[in-house]
Each structure stands twice: as C-alpha cells, then as structure tokens.
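Single-letter residue listing:
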Amino acid sequence: MKLQKQGKIYTTEEQIGFDMEKLIRQFSGDPRFINMASYKDMVRVFSEQFVDNNGKAELNPHPGGKILLNPSDPEAEIGHKGVGYQVQIAETCSDENYVKSAENGVKLIAPTAHQPKDKVGLNECKFDEKKCIVECPAGKKPFFRKFKNGKGRAVFFNSVCDECPLKNKCRVQKCGKQNREFKYADADLRTRYRRKLEATDEFKKRYGSKRCPIEGLNGRLKQFTPLRRLRIRGRCAVYHSIYAILTMHNIMQMVRHAKIQVKKAHAAAFFQFLDRVFPVFPKIRLPHAA
C-alpha cells in the first residue's frame, strides 16, 4: 500500500526513505544494532541517497557516482552506463611492447598514444645523426645539446623562447631561472618515429581507421567472452576476471595469427613447387601478413 500523507501519494523510493529513517531513529540508541554491518549499510544508503527536507526524507537529485548501490557489492559505482564497473580498452601500445615485439621478429602495427593537437614538441624538432636536437619547432638552435646513455637534452636561452611565436604551444620545460630545455630518451625518439609512420598511407592502409578496430575488438569481447556480464562481485574479483579474459583473448589472437602464417607458408611452398614443375606457371602474388 502506497504511503499517503496530507493527500499526497509518495513514490516507492520516498516510501523506502521514510521507512529507513524510521528504523534508523528507532534503533540508533541500541548498541546491539548500531554495530551491525546491515545497520551501518542502511545508515550509509540513507545519508548518501536521501536528504532531509523539513523533517521529510526526499531523494537526493545529485548523489554522485561513489555511493552504496548494492550492499552485497559495496565497491560497485554508478556511471553513465549504469551500475557496476566500467572497463576502458585501448589498442595503443607502449614503447616496451614495441621493442619486445621487434626483438622477437614481430613488426607491431599499432598506433601510439594520442598527443595534444595544439602542442608542438619532439615530433617537430630536427635531429642530427647523433640523436641530438639541432633545431626546435620554431627553427631555433640550442646553445647546448647532448645525447648519452639513451638520454638527450637540448637547452635554449630563455630570452629566445620568450620571443618565440610558438611559446604557448611548445612543450619545452623550464631549466633554472634563465633557460628552457627539451629532455628526451630513446623511447621518445622511437615514438616520434612511429608517429611519422602513422601519417603515411601505407600505415593507414594496413591498420585502417582508428575507430573500427577498437569497435570490432569490443564486439568480439562481448560476443565470445563473459565480459558483458560477470557473475562475480567485488572490485578485486572483477578486475582479476577482466585481466584473465583479456589475456585469454590475446592468446586466442596469437594462435589465430600463427595458423594464418602456417597456411601462408604452405601456400607459398605449393606455388614454389608448381613454379619448379611448371616454369611457365603464371606468377601469383601472395598477400602480405597482417
């Protein structure tokens, strides 16, 4: 039966708030109840999701995202997609993955992390054969430059940078009171090289658009794994399950890639055999490995 007061019929949520407030007041002075986990959860839910309006409990219109929504999973939060845990998946690869792939004979085709569009930095600098900066994005030369043990540094006079038209866009950092400098390492230079490759037509053709691959990945994870709706509770258990599912997916992709390479190797061997047996057999070009 709906709660009615002074001719007004209250909603289910308002009625729950009324009942919770009544229970909290009734048992607030009894130590047998105030130390119970269920009582503490009730007090927290009421304090986060309801407000006192002249002695009447009303729903808080802006409770925030970090509120208790389910006592059986207190770490779950509310976001723009509902209650639970959100997972952000990206196909960008760090420099460490890029280096390890190259060491194992794998050419990694993946984009780097995005850089601010309104900033200039190492990508626009000019380097010599010793990996030293010889010109900044504005064409100014440093009075000191050095690259040693995988780390580089280029220092500019502060007076030069103050008059630069790119001052507000440059990512150069302060160095003392009178100078500014670029600091970088081998990893930054490799990222700079990869970003230049990303701008080429060959990379765009092989990798495709930046949106389609990640949407396809999300679709595969939702369709072929239990990532859409996990049957467990608790942040620790949820995160471990997510890592296990993504690891499993990566292994599946590696096996799929290995099978494709084996098929291409067999096809290449078959056409080589035909070429030896029938020298006039028309040449057939095999597609490159993805």
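Remember, predicted model here, so these are calculated numbers, not experimental data.

Draft legend 1. Representation of the overall build of the protein. Scanning the protein from terminus to terminus reveals nine helices and twelve strands. In the protein, buried positions account for 22% of the 290 residues. Accessible surface computed for the protein: about 21400 Å², of which carbon and sulfur atoms make up 55%.

Draft legend 2. Structural context of helix 6 (residues 186-198). Compared with the 18 Å implied by 1.5 Å per residue over 13 residues, the 18 Å span of helix 6 between its first and last C-alpha is a close match. Taken together, the buried positions of helix 6 are Leu 189, Thr 191, Arg 192, Arg 194 and Glu 198. For helix 6, the secondary structure elements touched by its buried residues are helix 4 (95-103), strand 7 (126-127), strand 9 (144-148), strand 12 (179-185) and helix 7 (201-207).

Draft legend 3. View of helix 1 (residues 12-27). Here helix 1 is 16 residues long and its end C-alpha atoms lie 23 Å apart, about the 22 Å a rise of 1.5 Å per residue gives. Listing the buried residues of helix 1 in full gives Glu 14, Gly 17, Met 20, Glu 21 and Ile 24. Taken end-on, helix 1 shows its buried residues confined to a sector of 120°, consistent with a single buried face. Of the exposed residues in helix 1, those oriented more than 90 degrees away from the buried face are Lys 22 and Gln 26.

Draft legend 4. View of the sheet that holds strand 9. One open sheet accounts for four strands, arranged 9-10-12-11; its pairing is antiparallel. Taken across any chain shown, the strands that pair with only one partner, and hence form the sheet edges, are strand 9 and strand 11 (173-175). Adjacent strand axes in the sheet meet at a mean angle of 30° when their direction is disregarded. In this sheet, strand 10 (residues 151-157) lies alongside strand 9 in antiparallel orientation, the contact comprising five bridges.

Draft legend 5. How the structure looks around the nonpolar core. If you look at the biggest cluster of nonpolar residues, it comprises 13 residues, and the most contacted ones within it are Leu 122, Ile 133, Phe 147, Ala 154, Phe 156, Phe 182 and Tyr 184. Those elements that place two or more of their residues in this core are strand 10 and strand 12. Tyr 39, Val 45, Phe 46 and Leu 68 belong to the second largest nonpolar core, which has nine residues in total.

Draft legend 6. Structural context of the side chain of Arg 192. Structurally, Arg 192 can be placed in helix 6. Buried charge Arg 192 goes without a salt bridge, the closest partner of opposite sign being Glu 124 at 7.4 Å. Apart from the residues lying within four places of it in its own chain, the contact partners of Arg 192 are Leu 122, Asn 123, Cys 125 and Phe 127.

Draft legend 7. Examining the pattern of salt bridges more closely. For the structure on display, the rule yields ten salt bridges. The shortest N-O distance in the salt bridge between Lys 167 and Asp 162 comes to 3.5 Å. Residue Asp 162 is classed as partly exposed on the basis of its relative accessible area, which comes to 39%.

Quick notes on the rules
- Residues numbered from 1 in each chain as written.
- Predicted model: local features only at pLDDT ≥ 70, side-chain atom pairs only at ≥ 80, totals over all residues.
- Heavy atoms only, no water.
- Helix = DSSP H or I, 4+ residues; strand = E, 2+ residues; numbered from the N terminus.
- Buried < 20%, exposed > 50% of the residue type's maximum accessible area, 1.4 Å probe, protein only.
- Areas by Shrake-Rupley, 256 points an atom, 1.4 Å probe, with all protein chains shown as cover.
- Expected span 1.5 Å × (residues − 1).
- Contact = heavy atoms within 4.5 Å.
- Arc of directions from axis to C-beta.
- Pairing = 2+ DSSP bridges.
- Axes fitted to C-alpha atoms, helices over the stretch in contact; angles between N-to-C directions.
- Core = buried A, V, L, I, M, F, W, Y, C linked by side-chain atoms within 4.5 Å.
- Lys, Arg positive; Asp, Glu negative; His and termini not counted.
- Salt bridge = Lys/Arg side-chain N within 4 Å of Asp/Glu carboxyl O.

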